[in-house]
Amino acid sequence: MEKKNLDWSNLGFQYIQTDKRYVSNYKNGAWDEGCLASDANIVLNECAGVFQYAQTVFEGLKAYTTEDGKIVTFRPDLNAERMIDSAKRLEMPAFPKERFIDAVTQTVKANAAWVPPFGSGATLYIRPYMFGSSPVIGVSPAEEYQFRILTTPVGPYFKGGAKPITIKVSDFDRAAPHGTGHIKAGLNYAMSLHAIVTAHEEGYAENMYLDAATRTKVEETGGANFIFVTKDGKVVTPKSSSILPSITRRSLLYVAKEYLGLETEEREVTLEEVPEFTECGLCGTAAVVSPVGKIVDHGKEICFASGMEEMGPVTKKLYDTLTGIQMGRIEAPEGWIHVIE
Ligand code: PLP
Ligand code: COI
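Now for a look at the structure at hand. On a predicted model such as this, the values are computed, not experimentally measured, just so you know. (Residues numbered from 1 in each chain as written. Chains lettered and ligands numbered in written order. Predicted model: local features only at pLDDT ≥ 70, side-chain atom pairs only at ≥ 80, totals over all residues. Heavy atoms only, no water.)

1. So, the pairing of strand S5 (residues 61–65)
Okay, so step 1: Across the five residues of S5, five count as buried, placing the element largely inside the fold.
Okay, so step 2: Going residue by residue along S5, you find Leu61, Ala63 and Thr65 tucked away on one face and Lys62 and Tyr64 tucked away on the opposite face as well.
Okay, so step 3: Inspection of the sheet shows S5 paired to strand S7 (residues 123–132) by three bridges, in the antiparallel sense. Bridging across to S7, Ala63 finds its partner in Leu124.
Okay, so step 4: In this structure, S5 lies alongside strand S6 (residues 71–74), joined through three bridges in antiparallel fashion. Counted as the bridge partner of Tyr64 is Val72 from S6. (Buried < 20%, exposed > 50% of the residue type's maximum accessible area, 1.4 Å probe, protein only. Helix = DSSP H or I, 4+ residues; strand = E, 2+ residues; numbered from the N terminus. Pairing = 2+ DSSP bridges.)

Below, the structure written as structure tokens:
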């Protein structure tokens, strides 16, 4: 199979239309068998649930080319499970786990020419999503749904790749206690758009959101969970019921403990204690592990010892080990790598 002629090493995190996408429709209480489609456009009724009441959830994972030329994905079973949790919370039907994995496999296979080559620094981003497709006007769940998967080749999420970024403590809240912060619903991202545009206008790469109830505890950013490193090398991640349970973060905690022999802790993290950490990073499928060099809290700067030039040493080890597992350079724990072809 011949690869597409793209400048793989200079891709940003942007949509590039690929050849095939997966589509399955839910009607009369059942999903149809699904198929791969060529048309990237969707025609929907003007009153579809997704348009009126934002009934939509999504996922994000990547396909990688390994050193020995295989195409693989990373823990797609966890994306399938999280999408089921997201769907339930928005009163949508679950797309079954085995079918999700099969649909990811089919879609990536059909777009193999778009999977960036090993060593290019790029990957194929896979975006499964589901939305209410039948008309609703009273506030209620739709009766019909569409599940789709699109793929697009991507480079680093943050400009500058592995260079540390500067973020700000946001004045906006992302998620309410007992709300939807723990699921991957489009509505969480819609309400973060004003905050991210504001942050970008002020020169920051992202927002640090605090817990909405007390505004004292660290939650996450708009698209990634936090990891911190203590002076004595312990990896700490914020625990909260209103953040997305990041698959990258869960994997990194395992990697820290089992591969690197580091102590790990998942607990509440207050904004007040953040200056005591030596390293800070953002972790997620898109962000991978992106180092944070500085956090600005209303004019007060929190500068991490790792500085603004390079990833801190622990963050780097985590990054190298995780990407080594994803790219097949380091042996993966059982079940983490799903081989496509
Ligand atoms: N938090 C938010 C708000 C996200 O959008 C994402 C991205 O999916 C993450 C965290 C990281 O999750 P994961 O590691 O599963 O991609
Ligand atoms: C992902 O990492 O997959 C996400 O969905 C985050 C988004 C900001 C691109």
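There is more to say, and it comes next.
2. A look at the site of ligand 1
Okay, so step 1: Taken together, 17 residues lie near ligand 1, and Tyr189, Glu220, Ser246, Thr248 and Thr285 sit nearest.
Okay, so step 2: A distance of 2.8 Å is found between an oxygen atom of ligand 1 and a backbone nitrogen or oxygen belonging to Ile247.
Okay, so step 3: In isolation ligand 1 has 380 Å² of accessible area, and contact with the protein removes 97% of it.
Okay, so step 4: Listed by contribution, the elements that provide at least two residues to the shell around ligand 1 are helix H6 (247–259) and strand S14 (279–284).
Okay, so step 5: Residues of the shell around ligand 1, tallied by class, amount to five nonpolar, eight polar and four charged. (Near = heavy atom within 4 Å. Polar contact = N/O pair within 3.5 Å; in protein donor to acceptor, adjacent residues only side chain to side chain. Areas by Shrake-Rupley, 256 points an atom, 1.4 Å probe, with all protein chains shown as cover. Nonpolar A, V, L, I, M, F, W, Y, C, P; charged D, E, K, R; others polar.)

3. Looking at the site of ligand 2
Okay, so step 1: In the neighbourhood of ligand 2, the contacting residues comprise Phe13, Phe58, Gly60, Tyr125, Arg127, Tyr157, Lys184, Gly223, Thr285 and Ala286.
Okay, so step 2: A distance of 2.7 Å is found between an oxygen atom of ligand 2 and a side-chain nitrogen or oxygen belonging to Lys184.
Okay, so step 3: Ala286 is positioned such that a nitrogen or oxygen atom in its backbone is 2.8 Å from an oxygen atom of ligand 2.

4. Looking at the packing of H6 against helix H7 (residues 313–326)
Okay, so step 1: Where H6 meets H7, the axes come as close as 10 Å, and the angle between the chain directions of the two elements is 105 degrees. As the angle between them shows, H6 and H7 are arranged roughly perpendicular. On the side of H6, the interface is formed by Thr248, Ser251, Leu252, Val255, Ala256 and Tyr259, while H7 contributes Leu318, Thr321, Leu322 and Ile325.
Okay, so step 2: Split by residue class, the contact of H6 with H7 holds seven nonpolar, three polar and no charged. (Axes fitted to C-alpha atoms, helices over the stretch in contact; angles between N-to-C directions. Parallel < 35°, antiparallel > 145°, perpendicular 65-115°, else oblique. Contact = heavy atoms within 4.5 Å.)

5. Details of unusual backbone geometry
Okay, so step 1: Within the chain, His178 stands out as a residue other than glycine whose phi angle is a positive 65 degrees.
Okay, so step 2: The phi dihedral of His298 falls on the positive side, at around 50 degrees, and the residue is not glycine.
Okay, so step 3: Of the residues examined, His298 reaches a relative accessible area of 54% and is grouped as exposed.

6. Quick notes on a nonpolar patch on the surface
Okay, so step 1: A cluster of nonpolar side chains, namely Tyr53, Ile137 and Val139, defines an oily patch on the protein surface of about 350 Å² accessible area.
Okay, so step 2: Turning to its location among the elements, Tyr53 is positioned in helix H1 (residues 49–53). (Patch = residues over 30% accessible without salt bridge, like charges linked within 9 Å, V, L, I, M, F, W, Y side chains within 5 Å. Salt bridge = Lys/Arg side-chain N within 4 Å of Asp/Glu carboxyl O.)

7. As for the side chain of Arg21
Okay, so step 1: Turning to its location among the elements, Arg21 is positioned in strand S1 (residues 21–27).
Okay, so step 2: We note that Arg21 is buried and unpaired, the nearest opposite charge coming from Asp39 at a distance of 6.7 Å.
Okay, so step 3: In this view, Arg21 contacts Cys35, Leu36, Ala37, Ser38, Asp39, Ala40, Thr107, Arg148, Ile149 and Leu150; residues no more than four positions away in its chain are not counted. (Lys, Arg positive; Asp, Glu negative; His and termini not counted.)

8. Quick notes on the pattern of salt bridges
Okay, so step 1: All told, the structure shown has 17 salt bridges when counted by the stated rule.
Okay, so step 2: Between Arg82 and Glu59 there is a salt bridge, with its nearest N and O atoms 2.7 Å apart. On the criterion of sequence distance, the pair formed by Arg82 in helix H2 (residues 76–89) and Glu59 in the loop between strand S4 (56–58) and S5 is long-range, its members being 23 residues apart.
Okay, so step 3: The exposure class of Glu59 is buried, given its relative accessible area of 0%.
Okay, so step 4: Measuring nitrogen to oxygen at the nearest pair gives 3.1 Å for the salt bridge that ties Lys70 to Asp68.
Okay, so step 5: Taken together, the salt bridges that share partners define one network made up of Lys234, Glu263, Glu265, Arg267 and Glu273.

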